[in-house]
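# Geometric and topological summary
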Amino acid sequence: MASAEAQLSTTRAPRASRWSALRRALLLVRQALLTLLAVAVAFAILHMLARGLHFAAAVALVAVVAALFGALTVPWFLRLARSLSFERSARIREQERAELAAHLHDSVLQTLALIQKRAGDPREVAGLARRQERELRSWLLARPPRDGADTVVSALERAAAEVEELHRVPIEVVSVGDGPLDARLEAMVGAAREAMTNAAKFAGSERVDLYAEVAGDRVEVFVRDRGVGFDPRSIPPDRRGVRDSIVGRMERHRGRAEVRSRPGEGSEVELAMELGATL
Amino acid sequence: MSSCPRVVIVDDHHLFRAGVRAELAGAAEVVGDAGSVAQAVGVIAEQRPDVVLLDVHMPDGGGAEVIAQVAGAQPQVRFLALSVSDAPEDVIAVIRAGARGYVTKTISGAELAAAVRAVAEGDAVFSPRLAGFVLDAFAASGRWAGAKVRAQDRCEDAELDQLTPREREVLRHIARGYMYKEVAQRLGISVKTVEAHVSAVLRKLQLSSRHELSRWAVQRRIVSLDAPERDRLAGDARGLDRPAPAAP
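Parameters at a glance
Residues take numbers from 1 onward in each chain, read along the sequence in its written order. Naming scheme: in the order in which they are written, chains are lettered from A and ligands are numbered from 1. With pLDDT at 70 or above as the cut-off, local features in this predicted model cover only qualifying residues; side-chain atom pairs require 80 or more to be listed or tallied, and sums for whole chains, interfaces and linings still use all residues. Water and hydrogen atoms were dropped before computing side-chain values, which therefore reflect all heavy atoms in the structure. Should a side-chain nitrogen of Lys or Arg be within 4 Å of a carboxyl oxygen of Asp or Glu, the pair is scored as a salt bridge. Secondary structure follows DSSP: runs of H or I at least 4 residues long count as helices, runs of E at least 2 residues long count as strands, and numbering of each begins at the N terminus. Only protein chains enter the calculation, and the probe is 1.4 Å; a residue is then buried if its accessible area is under 20% of its type maximum, exposed if over 50%, and partly exposed in between. For this analysis, residues touch if any pair of their heavy atoms sits within 4.5 Å. Computed with a 1.4 Å rolling probe, the buried area is the accessible surface lost when two parts are put together, summed over both parts. Nitrogen and oxygen atoms within 3.5 Å of one another constitute a polar contact, given that in protein one can donate a hydrogen and the other can accept it, and given that sequence-neighbouring residues count only through two side-chain atoms. Asp, Glu, Lys and Arg are counted as charged, while Ala, Val, Leu, Ile, Met, Phe, Trp, Tyr, Cys and Pro are counted as nonpolar; the rest, among them Gly, fall into the polar class. Residue-level confidence of the predictor is summarised by pLDDT, bounded by 0 at the bottom and 100 at the top. At least two bridges found by DSSP between two strands is the condition for calling them paired. Angles here are taken between N-to-C directions and fall from 0 to 180 degrees, while the axes themselves are lines fitted to C-alpha atoms, restricted in helices to the stretch in contact.

Another aspect to go through is the pattern of salt bridges. Applying the stated criterion to the full structure yields 32 salt bridges over all chains. Taking the shortest distance from any N to any O, the salt bridge between A:Arg226 and B:Glu182 comes out at 3.1 Å. Here A:Arg226 is found in the loop between strand E3 (218–225) and helix H6 (240–252), whereas its partner B:Glu182 is found in helix H9 (residues 180–187) on a different chain. Overall, the relative accessible area of 33% leaves A:Arg226 in the partly exposed class. B:Glu182 sits in the buried class, given a relative accessible area of 17%. Here the residues in one salt-bridge network are A:Arg130, A:Arg131, A:Arg134, A:Glu164, A:Glu165, A:Glu172 and B:Arg129, joined through shared partners.

Structure below.
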């Protein structure tokens, strides 16, 4: 195997150098021809002037020769420019390929290795696959990294990803519009996170849907599950989740929360906030 | 027509085609599959299926290209887009080409079978994600419609470029994760009416003036670029209906 490779490289190398030597020789010949042409022209003009020939004839001759010179050299210049840009784009392609390979190695291949190791644990495998899917997708869509400057939607997506990983229930985030995050909206994201956690922990739903809409000054978030449901009037007073972390938190930040659920029909938490509303 | 819809699966991943085939067993009759646009056009012409499950992205053109080549000759074939791709502009492009719906590849087998049946019967299938994309697209085109578009254009497009409040409400419920039946219950209308609203939205999406939605697509693409590039492109897109800003 190793010797075959060595052989390959020894046969390939001389051929390549032979080609470039040939090319160099051709270029030299062309250069020589062009120089010869220039000398001949100069000589002809001098000769004509010395013999007192018409000045116009000399000009015409120079023009013809210049055209000839151009015809000879322009394609060469074009080819040179083209090969330069070809080389550059080839280099860029190579860089992109290397970057892609590096990324896939760090992410997808590692995850696939983990999945093979944990093949016996379906929940774990599904979680790994989903995390990888999310990561790869945000990379493909070239979104800025999640921990950069935050928007409402990116904060909600991050919260959803965290809850999903903690409780191993897929959370589908669908959003319309987006806007910058401020302290009140952070509180809203916190309430949404709590709603997602409740749905993932207690509902027994196969998945949780989160829908966020940022339209002008109004932000709305809906967290829905198809799980066991409950009677919102009968939340025990010691369950701080819904009362404090969702409803109370929204009200403290001049927002609104509504919990809709019935036993057997899943549940939905609706959060709304008007951004213009200041006190 | 039998109760079991005849289906062709078009996807460039062999494993995925095999997986869908297994999931649909019993619910639909898979009469063929294809891994490229050219293959797909041949198989569809030969098999004349009820429904084609269509990948949004393929090496030689993707779902929109298949629809473009088949729809003219075989208007009875219905298309359902099925993809892992979440780029909204790509999904909307396939819908605008004529697909009757879009579901993501992570959908469960039972849900996929139900979606295939619905499309076979001529209904539109909106996943929460597609509903979100559509709301976003129309919200954006509404914003543009509010800008200085020539009065003549507005008269022609106004109805197609906007959703009615009811259509918006239906789409919002779908985006929130409600099924058609649940949407009907919540809004106090029949399932047929929900389906009619969704079909109307689909029709608007397909007929709406090209420039509004393509501008939305440009906007979407810019969001994922870096700031200077975004500003430059945004300037270009805006330049279409607004006077150029004065040089600083």
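What follows continues from the structure just given.
Bring the parts together and some accessible area is lost; that lost area is often taken as the interface size. Between chain A and chain B, the contact holds 19 residues from the first and 20 residues from the second. Here chain A and chain B share an interface that buries about 1800 Å² over both sides, 42% of which is from carbon and sulfur atoms. By the criterion of area lost to chain B, the three top residues of chain A are A:Arg137, A:Val174 and A:Tyr211, representing 24% of everything that side buries. Viewed at the interface, chain B and chain A are joined by 8 salt bridges. Across the chain A-chain B interface, the total number found is 11 residue pairs in polar contact (both at pLDDT 80 or more). Those elements that provide at least two residues to the side of chain A that touches chain B are helix H3 (122–140), strand E1 (171–176), strand E2 (208–215) and E3 of chain A. Looking at the side of chain A that touches chain B element by element, the count peaks at 4 residues for E1(A). Looking at side-chain class alone, the side of chain A that touches chain B contains 7 nonpolar, 1 polar and 11 charged residues.

Turning our eyes to something else, we now look at unusual backbone geometry. All names here are of chain A. The backbone of Arg168 shows a phi angle near 55°, a positive value even though the residue is not glycine. In this structure, Arg168 sits in the loop between helix H4 (152–167) and E1. One non-glycine residue, Arg254, lies in the positive phi region at around 55°. The topology assignment puts Arg254 in the loop between H6 and strand E4 (255–261).

In this section: the confidence of the model for chain B. Should the pLDDT be low somewhere, the predicted coordinates at that spot are not to be read in detail. Residues and elements named next belong to chain B. For chain B, per-residue confidence averages 79 on the pLDDT scale, and residues scoring 70 or more make up 75% of the total. Confidence drops under pLDDT 50 across residues 143–156; counting only partners more than four residues distant or on other chains, this segment forms 16 contacts. Contacts for the low-pLDDT stretch residues 224–248, under 50 throughout, to residues beyond four places or in other chains number 20 contacts. Overall fold confidence (pTM) sits at 0.67, and the ipTM for the predicted complex is 0.75.

Further remarks concern the environment of B:Pro128. With respect to the helices and strands, B:Pro128 occurs in helix H6 (residues 128–146). Taking C-alpha positions, B:Pro128 is 8.4 Å from B:His173, a pair spaced 45 residues apart along the chain.

So, on to the sheet that holds strand E5 (residues 267–274) of chain A. Neighbouring strands of a sheet are bound in pairs by backbone hydrogen bonds; such pairs are parallel or else antiparallel. Strand order in this open sheet of 5 strands is E1-E2-E3-E5-E4 (chain A), and the pairing throughout is mixed. Two strands close off the open sheet at either side, each with one partner strand: E1 and E4 of chain A. With direction set aside, neighbouring strand axes in the sheet form an average angle of 10°. Contacts from helix H8 (residues 165–175) of chain B reach E1, E2 and E3 of chain A within the one sheet, and its direction differs from that of E2(A) by about 135°.

Residues and elements named next belong to chain A. Among the structural elements, Glu270 can be located in strand E5. Judged by relative accessible area, Glu270 falls into the buried class, the value being 11%. The residues touching Glu270, leaving out its near neighbours within four places in the chain, are Glu220, Val221, Phe222, Arg256, Ala257, Glu258 and Arg260.

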